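Each chain, letter by letter, is given below.
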Amino acid sequence: MTTTDNSSSRSAVVTGASSGIGQATVRALRAQGWTVFAVARRAERLESLAAESGAIAVPADVSVQADVDALVAAVSERGGADTLINCAGGARGTEIWGDAIDENWEFMWQSNVMGTMRLTRALLPQLRAARGTVLNVTSTAALASYEGGSGYNAAKAAERAMTQALRLEEVENGLRVIEILPGLVQTEEFSLRRLGSQSAADDVYAGVDNPLTGEDVAEVIRYAVSAPAHVNLDEIVIRPQVQAANHKLIRNAK
């Protein structure tokens, strides 16, 4: 299967672009010639990425409606977008449900669910007009729950359900809706933010032979949104070879 060859006319909004999968996706699409609006809360990181890659930096917090409104206005002023890639999100804490911390759950719900809803809702008119693509990065945490993960499991399962509903709602408008579900991905911040210390974050990947990188996932995203318009990759689960399931991870693999 070949990908489309008109990448220079394609344009994407990529959230979560200041680090990890989002940042790698910005670089992958820019390398293919896309116009990319890089979105995240940390303006200084976006400016550095823009200088390096040629992306358009648009600082915004997608969990805040006023920021979403300003973001959509900025994108529209620069010609609009035909693709939305929702990478923003994250996990916080590993408490069991009985010890749930409201602030952690609020963060995960706002960043993974409400932010994705708000920005997708706001961009739908121009995405429909372009017969474009929405791609949501969820997680294998949406497929199988685990102890200490109830808040993140709930948020990612909700985002997955939203994605499936959107596909049904928008198929008649020519909109592609894609879900990418990564397993264990080693990025600079995900586990650190969730666990709160570098040593705890390092333990997540200890002894794992070649966990996925942000670049691995970004390459799958790049292919999925660049495939011919009639090809819809509904959902793609991507894990490192040593992870056969959420609960089956080989450490010190030979």
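These notes cover the structure that comes with them. Predicted, not measured: the structure shown is a model, and the values here were computed from it. Here the residue numbers are simple positions, counted from 1 along each chain's written sequence. Confidence filtering applies because this is a predicted model: local features only for residues at pLDDT of at least 70, side-chain atom pairs given and counted only at 80 or more, and all residues used for totals across whole chains, interfaces and linings. Excluding hydrogens and water, the side-chain figures rest on all heavy atoms present in the structure.

Turning our attention to the overall build of the protein. Under the scheme used here, helices are H or I runs from DSSP no shorter than 4 residues and strands are E runs no shorter than 2 residues, and both carry numbers assigned from the N terminus. Along the backbone of the protein there are 8 helices and 11 strands. Seen through its C-alpha atoms, the protein measures out along the principal axes to roughly 45 × 40 × 40 Å. Contact between two residues is taken to exist if any of their heavy atoms lie within 4.5 Å; hydrogens are not considered. Once local pairs closer than 6 in sequence are excluded, the contacts in the protein between residues at least 24 apart make up 70%. Accessible surface computed for the protein: about 11600 Å², of which carbon and sulfur atoms make up 51%. His is not counted here, nor are the chain ends, while Lys and Arg score as positive and Asp and Glu score as negative. Note on charges: their place is set at NZ of Lys, CZ of Arg, CG of Asp or CD of Glu. Averaging the coordinates of the 23 positive side-chain charges in the protein and doing the same for the 30 negative ones gives two points 3 Å apart. For the accessible areas, the method is Shrake-Rupley and the probe is 1.4 Å, while residue cover comes only from the protein chains on display.

We now examine helix α4 (residues 102-129). Three or four residues apart is the spacing at which side chains of an α-helix point the same way, because the helix has 3.6 residues per turn. A helix is expected to reach a length of 1.5 Å times the quantity of its residues less one. Helix length check: α4 (28 residues) gives 39 Å between terminal C-alpha atoms against 40 Å at 1.5 Å per residue, within 8%. At L123, α4 shows its maximal bend, which comes to roughly 50°, and the proline P125 appears one to four places after that position. Phi turns positive, to about 50°, at R131, one or two residues after α4. The term bend refers to the angle at a residue between two fitted axes, each drawn through seven residues, those ending there and those starting there.

A few words now on the pairing of strand β5 (residues 133-137). The buried fraction of β5 is high, at 5 of 5 residues. Side-chain alternation along β5 places T133, L135 and V137 on one buried face and V134 and N136 on a second face that is also buried. Bridge count between strand β4 (residues 83-86) and β5: 4 bridges; the pairing is parallel. Across the sheet, residue T83 finds its bridge partner in β5, namely T133. Crossovers are described as right-handed under a simple rule: with the strands pointing away from the observer, the path leading from the first strand over the helix to the second runs clockwise. Between the parallel pair β4 and β5, the chain is carried across by α4, and the sense of this crossover is right-handed. The parallel pair β5 and strand β6 (residues 176-182), bridged by helix α5 (residues 150-170), forms a crossover whose chirality is right-handed. Classification of residues uses two cut-offs on accessible area relative to the type maximum, computed with a 1.4 Å probe and protein chains only: under 20% is buried, over 50% is exposed, and between them is partly exposed. Pairing between two strands is assigned when DSSP locates at least 2 bridges connecting them.

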